[in-house]
Amino acid sequence: METLTGKSRIIALVDMDCFYVQVEERDDPSIKGTPAAVVQYKAYKGGAIIAVNYEARAKGVSRNIRGDEAKALCPELTLVRVPETRGKADLQKYRDAGREVIQVLTDFSDCVERASIDEAYIDLTTAVEERLNHFLSAQGDPTASCEQSNILKALDKEAFTTNFVMGFESTTSWMDMMTDNEMMMPLDDVKLAIGAEIVGKMREAVFQETGFRCSAGIAHNKVLAKLCAGINKPNKQTVLPHSSVAQLWAETKIKKVRNLGGKLGDFLVDTLKCELMSDLLKYSEKELLNHLGSKAGSWIYHLARGYDTEAVNPRQLPKSIGCNKNFLGPEVLVTKDKVKHWLQQLAAEVSERIQKDFEMNNRRARTLTLHVSFEDKNSLSRSCRLHPQFNSERIRSEVWVMMEKLYKSLGVLPVNMLGLVASKFEDEAGVSGYSKISNFFENCPRSESSASTTLINSNKIPSSSTTFVTSTAGTSKTLGSSTIANKNNIVVESRASTTKMLPSCSSSNDSLDAVQPEKTDPPFELISTAIANETSPHKNPKSTRSLGPGVESSPKLHLTQECERCGKQIAIWEYVTHMDFHVARDLSREINGLSPLGFDVRPETLEDKERQKDKINRDKIALQSPAKRGSKRPRGRGGGGTKRGRPGTTTGSPSKPPVKSIDAYFIKKIN
Ligand code: TTP
């Protein structure tokens, strides 16, 4: 039942207010309180505005205009330019600032998912339950509902000064309503109130620790928490009791909802004629299943009623480190020399950042992916293994080797985007699925230079792809692949030679690491088809037929591996190809300004949920690995090792028991 309702979870989404401007204001306090905006590349019409503070917004300044126009609108406006290194925007200080915030959030829950450079989901369920039990056991009979009103009265009112409750005039009227109807008081709402108290403390701690203000949403799932966070800004938080979902949905356009910004949302709007989320209620579950298939249909049916079960995946580090550079109009790169120059700049940036990441997090990227977009709108990516002893020089030459190979097969085409992404991180200690699985292949030769190429059209994802695989004693080879090349179809040309499995996958991203704001949705139907065609040995008999002797008939060797992107069990010899597909799809979305997160990651069945839980547990264990515990993490301003005194935390010990930390924030109340 809980699977369907999902009301017992308390999820928060914390979103920093006008983040880049706040970072600049902290660097230069003289601009605080005055209109300010951050621009990138000031040369053309005063630069592209990428962040605007609320003082400037009040004067009509927005991201849609350029710096010069903004100045005309608001002459007192300060325009701060993003630093540039090697001829391109250098976002490192914003990334570091985002890390500082995440660090504070992890004091409150060990289930924090960094969702973008300035946003994170926090599963507060355990923290709330522990606080609830603390109150109940301190007050006698834990089942008596009358005790619940005492809990509400005991909450720290100071934590609610910037709190709003959807559907209620004020937080007080919500709480009064609950205490006046003690017998009817939904425990879920009491939990939300406790969650809101924790979030109030958490936002204050973020301010005390970093100097940054943020807003938050508190609800029973990620979709609702995300929407709520945007309702009252800046420096406010909004709670959504389940009873107010109908009100929210009556005001919410479908395309604004997380994961509905893309094709699935288009289908609901254009074909099912639903503009608002509440319009979806006119369809029965059966009708939605008929229109959308079981997975999307069921998800939409439940979401329309305010239910969603997607887990918060504890992840504080980006899955990939990458950067890119666009060359538009007259800047398009037409010569090899120019491409080489820019690739060297990108390689230098990536190697600097992965080196820093290694020092801070004790993990190494194992895959390097080159993304190239051509003027004719085609895009292409090529990956290679990163040598464990990577250095800047080595990366530069690897990148150029990949580019040369592309030139060899395609000729010299004008390039309008170059991107470089390091991904598939492994803990230095080697505690990873990779090392465990690779034990099955101990005797196999490994190729450090195995590479695969994926060429995609910028507007589509693979509609079909057939890969022919052979496998001998654990070594798998892709012998060839079908390729379809035209303007509307993507070419997936898999040329991997000797492959080995990797447990993780890359999600390429320009400036925001792998954690982009989730603005929109991937093309749902196409993705499903592509995954089905491309990855399942059951659905693609060609793959299984061509396996070497003994491989298919040895189920005990666990010859499938769960894809951490879509949760499917993938034949291990197809894992690399499968991951290439995800990379290609991510790139396609990125180019279209979409989220790298896929609808296909949504847990749907109980089995999916169990898998998700297992994964969370595994992730938690991984997070507590000795390598991680010993790693250095940024603290305080500037991301250095210094740390200000905080209640309940121990200097130099990044893995703290979260509850102990939380208790410290409530110390006066508890004692
Ligand atoms: P947002 O969270 O979208 O916005 P914001 O933090 O500036 O403002 P708000 O208070 O409304 O949340 O983006 C976070 C940062 O990401 C933003 O400060 C700058 C950067 N960014 C870009 O570089 N380009 C973009 O197109 C957007 C939307 C954001």
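Anything mentioned here points back to the structure above.
Residues numbered from 1 in each chain as written. Predicted model: local features only at pLDDT ≥ 70, side-chain atom pairs only at ≥ 80, totals over all residues. Heavy atoms only, no water.

Chemist: Residue-level account of the sheet that holds strand β2 (residues 36–40), with values.
Modeler: The strands making up a sheet are joined through hydrogen bonds of the backbone, oriented either antiparallel or parallel. Spatial ordering of the open sheet is given by β3-β2-β4, a layout of 3 strands whose pairing is mixed. With one partner strand each, in any of the chains shown, β3 (48–52) and β4 (78–81) form the two edges of the open sheet. Within this sheet the neighbouring strands show an average axis-to-axis angle of 35 degrees, counted without direction. Looking at chain direction, β2 and β3 are connected through 4 bridges and run antiparallel. Counterpart to alanine 37 in the pairing with β3 is valine 52. (Pairing = 2+ DSSP bridges. Helix = DSSP H or I, 4+ residues; strand = E, 2+ residues; numbered from the N terminus. Axes fitted to C-alpha atoms, helices over the stretch in contact; angles between N-to-C directions.)

Chemist: How would you summarise the packing of helix α14 (residues 336–361) against helix α15 (residues 392–410) if you had to cite specific residues and measurements?
Modeler: Two elements in contact, α14 and α15, have axes whose closest approach is 9 Å; the angle formed by their N-to-C orientations is 140 degrees. It follows from the interaxial angle that α14 and α15 lie oblique. Note that α14 runs across α15; the crossing there is right-handed. In contact with Lys336, Val339, Lys340, Leu343, Gln344, Ala347, Ala348, Ser351 and Ile354 of α14, α15 contributes Ser392, Ile395, Arg396, Val399, Trp400, Met403, Glu404 and Tyr407. Of the residues that constitute the contact of α14 with α15, the class distribution is 10 nonpolar, 3 polar and 4 charged. (Parallel < 35°, antiparallel > 145°, perpendicular 65-115°, else oblique. Left-handed = near helix turned anticlockwise from the far one by under 90°. Contact = heavy atoms within 4.5 Å. Nonpolar A, V, L, I, M, F, W, Y, C, P; charged D, E, K, R; others polar.)

Chemist: Break down the sheet that holds strand β7 (residues 112–116) for me, with residues and values.
Modeler: What the 6 strands build is an open sheet, ordered β7-β8-β1-β10-β11-β9; its pairing is mixed. Looking along the sheet, the strands with just one partner apiece sit at the ends: β7 and β9 (163–165). Strand-to-strand, the axes of this sheet are offset by a mean angle of 20 degrees, without reference to chain direction. As paired strands, β7 and strand β8 (residues 119–123) are joined by 4 bridges and run antiparallel to one another. From the neighbouring strand, arginine 114 faces β8, where its bridge partner is alanine 120.

Chemist: If you had to explain the site of the ligand to someone new, which residues and values would you point to?
Modeler: Around the ligand, a shell composed of 14 residues is seen, among which Cys18, Tyr54, Arg57, Arg63 and Lys233 lie nearest. At a separation of 3.0 Å, an oxygen atom of the ligand approaches a polar backbone atom of phenylalanine 19. Separating an oxygen atom of the ligand from a side-chain N or O atom of lysine 233 is a distance of 2.9 Å. When the ligand sits alone it has 560 Å² of accessible area, and the protein chains cover 78% of it. (Near = heavy atom within 4 Å. Polar contact = N/O pair within 3.5 Å; in protein donor to acceptor, adjacent residues only side chain to side chain. Areas by Shrake-Rupley, 256 points an atom, 1.4 Å probe, with all protein chains shown as cover.)

Chemist: Give a description of the environment of lysine 273 that names residues and reports values.
Modeler: Tracing the chain through its elements places lysine 273 in the loop between α12 (263–271) and α13 (285–303). Residue lysine 273 is classed as exposed on the basis of its relative accessible area, which comes to 60%. (Buried < 20%, exposed > 50% of the residue type's maximum accessible area, 1.4 Å probe, protein only.)

Chemist: Outline the pattern of salt bridges, listing residues and values.
Modeler: Taken as a whole, this structure holds 25 salt bridges when the rule is applied. Among the ionic pairs, arginine 26 bridges to glutamate 100, the shortest N-O distance being 2.9 Å. Of this pair, arginine 26 sits in helix α2 (residues 19–27) while glutamate 100 is found in helix α5 (residues 92–105), placing the two residues 74 residues apart along the sequence. As far as the burial class goes, arginine 26 and glutamate 100 line up, both buried. Measuring nitrogen to oxygen at the nearest pair gives 2.6 Å for the salt bridge that ties glutamate 119 to lysine 226. Placement of glutamate 119 in strand β8 and of lysine 226 in helix α10 (residues 222–229) is noted, with a sequence separation of 107 residues between them. One continuous salt-bridge network, built from bridges that share partners, spans Glu113, Lys222, Arg258 and Glu310. (Salt bridge = Lys/Arg side-chain N within 4 Å of Asp/Glu carboxyl O.)

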